[in-house]
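Observations on the three-dimensional arrangement
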Number of protein chains: 2
Amino acid sequence: MAAKSYTVAIAGATGVVGGTVRRILEERGFPTRELRLLASPRSAGLKLPFNGAELEVQTLGRGSFAGVDLVFFAAGGAVSTEYVPQAVAAGATAIDKSSVFRMDPGVPLVVPEVNADDLLWHDGIIATPNCSTIQMVVALKPIYDAVGIKRVVVSTYQAVSGSGQGGIAALDAQARQWAAGEPVEQQFYPHQIAFNALPHIDGFLPSGYTKEEQKMVDEAKKIFADPDLQVTATCVRVPVFGAHSEALNVQTWKKLTAGEARELLAGSPGIVVVDDPAELRYPLPLAAEGTDPVYVGRIREDLTVDHGLDLWVVSDNLRKGAALNAVQIAEELVHRELL
Amino acid sequence: MAAKSYTVAIAGATGVVGGTVRRILEERGFPTRELRLLASPRSAGLKLPFNGAELEVQTLGRGSFAGVDLVFFAAGGAVSTEYVPQAVAAGATAIDKSSVFRMDPGVPLVVPEVNADDLLWHDGIIATPNCSTIQMVVALKPIYDAVGIKRVVVSTYQAVSGSGQGGIAALDAQARQWAAGEPVEQQFYPHQIAFNALPHIDGFLPSGYTKEEQKMVDEAKKIFADPDLQVTATCVRVPVFGAHSEALNVQTWKKLTAGEARELLAGSPGIVVVDDPAELRYPLPLAAEGTDPVYVGRIREDLTVDHGLDLWVVSDNLRKGAALNAVQIAEELVHRELL
């Protein structure tokens, strides 16, 4: 019997996340009968490769979802707000990268290594978390299961690819202007990103935290189904192209030595431990770019608190932080016959 | 009566910190009768400007300190180990930027805004802390005095100038190679620094922490004369040229609201509060370069712990983090007639 195959659509197919979804579907051989590339009218007609063919980008619109089994939404909040309900009404399952549905109690927010079982109660929409949350919860999961987690203090070092093509173009242009001895022009970000660090990602809330910081708090609680999990975040954009780094300080409920944590993490899905300082080996964003794992290193026992650990966590934010996580959700849906 | 004037020497006068000491002595009109520029033989004969004159660099050696009142040491640990005792034996006071004497119980470790009174018990040597420590303790001091500090979790975003000319040259060369489409060559740092983030500053200790991280712990305890002060650090080099940034999570003994912290910090010496997110104003390393203050912003109340605060602290690591702090120590010695 032939394996089941699916009609898949990508809304936002010409964006950096949408493009990465397309490539990962091909790389991983997702059982795709037909791939429909959807984008705004100005991208319609563009041709993009998939499985040896050239597919023409179509304008996303009312009729886009007829006969579609699965839609990856990677076009931002406004598009998801308008079209996710249409896709579901047309009978498709929507895997949504935007923040629109993430905190909806009727929508599971899923990182397969952490809470794949939440897929069981999906009702047409599955949200995939923010990039900075995903790599954090993958790294925390084995620790959470082994000894419980009370509190996490996280500081991020986030790549410009997390802002999409505009962010990549800004760093690229500014670094070239600098090298050419030309004035560096502010573009896309409110301040120069080349040779700078911007403690500002997404909008500010009345609390003084940014939405990006608040997402790490709220999404982690939902993914672990643990409203008592305490997370406080400082999110910073740095002049790195393609992978996020995070310094995590973790307070656990029970003791876990650095050696135990290292062993535990090394045996856990989605994680590669890179932690050999004597050999100058630790996770680096430049090395993580274009790869799938969540890399964990600099694993240290923090003695300033009962049961503390310091970790350094790096992952490609377009892959595990976005497109790969979405495709893994789709694979899990197939595996569990939920599609 | 003419004000007293001093014979001053800079050991390591051709390095980035030594050069900054020379410029700051001139900028601030430090009462200098004579300035002696000392360096290794390969820099001898080089001429450097000071107060309108051109001063010739001399080889640092046994006779360098005759008649000298004050020596700034900015040439690294080996030079300080050898020559600080010689300078003191010759009757000079040594202000040492290296880490050699910092934890010596007979040597005060001074940040004038925090513990200027420790100058009273100096015995010829005064140590100036590591750059990453200085800006942290300046920002913490008003909070410490007002409500007490129990624990600090700090993640740093450190500029290449903290590594001296080799670090600056590496980032400069690699960014230019990248812009020219040439292969980016590893130099100075163990990994590429351009478009990367290296969780590795100074050597590794058996605990897994780096010496840079351990310095922040040990030096903060000594400066506050508080062995119970808990600090845990992750130190990271980022592709920024000239100012360090730090994300601080601070747990205080008593409650301090974000508003109270903002007001307190704004009225404290050495600190400029930049904290108006609605106007996109927060401390930025690129803006801090070449300036004196410790900038504090992103001041938020962290509700994940009793009495928590999150802060973002930025300062030019060559100025307040090194040369300026040393010159301020000298000024304080003059002011207190301790020289």
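Let us look at the structure shown here. Quick caveat, the model's predicted, so the values are computed rather than measured.

Once that is clear, we can look at the pairing of strand 1 (residues 6-11) of chain B. Residues and elements named next belong to chain B. Of the strand pairs in this sheet, strand 1 and strand 2 (residues 32-39) are connected by six bridges, and their pairing is parallel. Bridge assignment links Val-8 to a residue of strand 2, and that residue is Leu-35. As for the winding sense of the linkage, the β-α-β connection from strand 1 through helix 1 (residues 16-27) to strand 2 is right-handed. Looking at chain direction, strand 1 and strand 6 (residues 70-73) are connected through four bridges and run parallel. Bridging across to strand 6, Ala-9 finds its partner in Val-71.

This part is about the relation of the copies chain B and chain A. Least-squares fitting of chain B to chain A yields an RMSD of 0.0 Å, with the transformation described by 0.0 Å of translation along the axis and a rotation of 180°. The transformation just described matches what one would write down for a two-fold rotation axis. Counting the interface residues of chain B, we find that 100% of their copies in chain A are interface residues as well, pointing to one common contact surface.

In this structure, Ala-11 and Val-71 of chain A together with Ala-11 and Val-71 of chain B are the most contacted members of the largest nonpolar core, which totals 222 residues. In this structure, Val-71 of chain B is in contact with Ala-9, Ala-11, Phe-65, Ala-87, Ala-92 and Ala-94 of chain B, ignoring residues within four places of it in sequence.

Moving on to the packing of helix 4 (residues 131-147) of chain A against helix 7 (residues 258-266) of chain A. Residues and elements named next belong to chain A. Contact geometry of helix 4 with helix 7 gives a least axis separation of 9 Å together with a crossing angle of 120°. Considering their axes alone, helix 4 and helix 7 lie oblique with respect to each other. Seen from above, helix 4 lies across helix 7 with right-handed handedness. On the side of helix 4, the interface is formed by Pro-142, Ile-143 and Ala-146, while helix 7 contributes Ala-261, Leu-264 and Leu-265.

Attention now moves to helix 9 (residues 319-335) of chain A. Residue and element names in this part refer to chain A. For helix 9, spanning 17 residues, the distance from its first C-alpha to its last is only 20 Å, which falls clearly below the expected 24 Å at 1.5 Å a residue. The largest bend along helix 9 measures about 40° and falls at Asn-325. Burial within helix 9 is extensive, with 13 of its 17 residues counted as buried. Just downstream of helix 9 lies Glu-337, where phi reads positive at about 55°.

Time to look at the interface of chain B and chain A. Between chain B and chain A, the contact holds 50 residues from the first and 50 residues from the second. Elements with a minimum of two residues in the side of chain B that touches chain A: strand 9 (149-157), helix 5 (165-179), strand 10 (230-234), strand 11 (244-252), helix 8 (285-288), strand 13 (294-302) and strand 14 (308-315) of chain B. Broken down by class, the residue content of the side of chain B that touches chain A amounts to 30 nonpolar, 14 polar and six charged.

Cut-offs applied
- Residues numbered from 1 in each chain as written.
- Chains lettered and ligands numbered in written order.
- Predicted model: local features only at pLDDT ≥ 70, side-chain atom pairs only at ≥ 80, totals over all residues.
- Pairing = 2+ DSSP bridges.
- Helix = DSSP H or I, 4+ residues; strand = E, 2+ residues; numbered from the N terminus.
- Right-handed = clockwise from strand over helix to strand, strands pointing away.
- Least-squares fit on C-alpha atoms with pLDDT ≥ 70 in both.
- Contact = placed C-beta atoms within 7 Å.
- Core = buried A, V, L, I, M, F, W, Y, C linked by C-beta atoms within 7 Å.
- Buried ≥ 20, exposed ≤ 12 C-beta atoms within 10 Å, placed from the backbone.
- Axes fitted to C-alpha atoms, helices over the stretch in contact; angles between N-to-C directions.
- Parallel < 35°, antiparallel > 145°, perpendicular 65-115°, else oblique.
- Left-handed = near helix turned anticlockwise from the far one by under 90°.
- Expected span 1.5 Å × (residues − 1).
- Bend = angle between axes of the 7 residues up to and from the residue.
- Nonpolar A, V, L, I, M, F, W, Y, C, P; charged D, E, K, R; others polar.

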